[in-house]
Amino acid sequence: MRIGIGYDVHKLVDNRDLIIGGVKIPYEKGLLGHSDADVLTHAIMDSILGAAALGDIGKHFPDNKEEFKGISSLLLLKNVSSLLDANGYKIINIDATLIAQKPKMAPFIESMIKNISSVLNIDKGQINIKATTEEGLGFTGRKEGISAQSICLID
């Protein structure tokens, strides 16, 4: 068994959709990034890649490549899943945490789990996603950005 950790952060800005876990969340701001800036999916991809010692998302999907501009992170996750399969690994479980003062994530977590489990072709019970605030502290507490952490166990 192998374990990997992922972390990602993106700045909240005007005139962008807020996409987290492949779910478009109604909010007045969205996350800034080269792709759709899906902070949760990015953290999950890095935890998977880390567990398999396959680098990180910057190595596989550089932000200076036009082909990744505006791309759905779920498509990138599908590519990571293929890399995992090609190297003979299977996901045991993923545990992830979203850190955001606003908006509230709880109403969207089941849809996020459904999207991610579908792309990874694993059971929904192998993924746990939770959300927390930082009680008004730091950049997430000031609503300047959203971060996510993930840990993945593979075999």
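Refer to the structure printed above.
These figures come from a predicted structure and were not determined experimentally.

J.: Would you mind going over the overall build of the protein in detail, with residue names and values included?
T.: A count of helices and strands for the protein gives five helices and seven strands. For the protein, the N- to C-terminal ordering of α and β elements is β-β-β-β-α-α-α-β-α-β-α-β. The globule rule puts the C-alpha radius of gyration for 155 residues at 15 Å, and the 15 Å found for the protein is close to it. For the C-alpha atoms alone, the extent of the protein along its principal axes is close to 40 × 35 × 25 Å. In the protein, buried positions account for 48% of the 155 residues. Pairs at least 24 apart in sequence give 71% of the contacts found in the protein among residues at least 6 apart. Of the roughly 7,800 Å² of accessible surface on the protein, 50% is carried by carbon and sulfur atoms.

J.: How would you sum up the pairing of strand β7 (residues 145-154)? Please name residues and give values.
T.: In terms of burial, β7 is largely enclosed, as seven of its ten residues are buried. Summarising the sheet, strand β1 (residues 2-13) and β7 pair through ten bridges and their orientation is antiparallel. Residue Gly4 lies in a different strand from β7, and its bridge partner there is Cys152. With eight bridges joining them, strand β5 (residues 91-99) and β7 adopt antiparallel strand pairing. Pairing of Ile94 across the sheet is with Cys152, part of β7.

J.: Give a description of the packing of aromatic side chains that names residues and reports values.
T.: Inspection of every chain in the model, using the stated rule, returns one aromatic pair. Ring geometry for Phe61 versus Phe68: centroids 5.4 Å apart, planes at 85°, classification edge-to-face. Of the residues examined, Phe61 reaches a relative accessible area of 10% and is grouped as buried.

J.: With reference to specific residues and values, describe the pairing of β1.
T.: Relative to strand β4 (residues 30-31), β1 runs antiparallel, the two being bridged by two bridges. The partner of Leu12 across the bridge, within β4, is Leu31.

J.: Before we move on, could you go through unusual backbone geometry and cite the residues and values that matter?
T.: Here the amide bond leading from Lys102 into Pro103 is cis, since omega sits at -10°, within 30 degrees of zero. Within the secondary structure layout, Pro103 lies in the loop between β5 and α4 (109-120). Residue Glu135 is not a glycine yet carries a positive backbone phi of 50°. Summarising the element assignment, Glu135 is placed in the loop between β6 (127-132) and α5 (138-141).

J.: For the sheet that holds β6, give the residues involved together with the corresponding values.
T.: Read across the sheet, five strands follow the order β4-β1-β7-β5-β6 without closing on themselves; strand pairing throughout is mixed. Both edges of this open sheet fall to β4 and β6, since each of them pairs with a single strand only.

J.: Tell me what's going on with the pattern of salt bridges, and back it up with residues and numbers.
T.: In total, this model carries four salt bridges according to the counting rule given. We note a salt bridge from Asp85 to Lys90, for which the minimum N-O separation is 3.8 Å. The exposed category is assigned to Lys90, whose relative accessible area is 53%.

Each value, and the rule that gives it
Residues numbered from 1 in each chain as written. Predicted model: local features only at pLDDT ≥ 70, side-chain atom pairs only at ≥ 80, totals over all residues. Heavy atoms only, no water. Helix = DSSP H or I, 4+ residues; strand = E, 2+ residues; numbered from the N terminus. Rg over C-alpha atoms; globule rule 2.2 N^0.38 Å. Buried < 20%, exposed > 50% of the residue type's maximum accessible area, 1.4 Å probe, protein only. Contact = heavy atoms within 4.5 Å. Areas by Shrake-Rupley, 256 points an atom, 1.4 Å probe, with all protein chains shown as cover. Pairing = 2+ DSSP bridges. Phe/Tyr/Trp six-rings, centres within 6.5 Å; stacked < 30°, edge-to-face > 60°. Salt bridge = Lys/Arg side-chain N within 4 Å of Asp/Glu carboxyl O.

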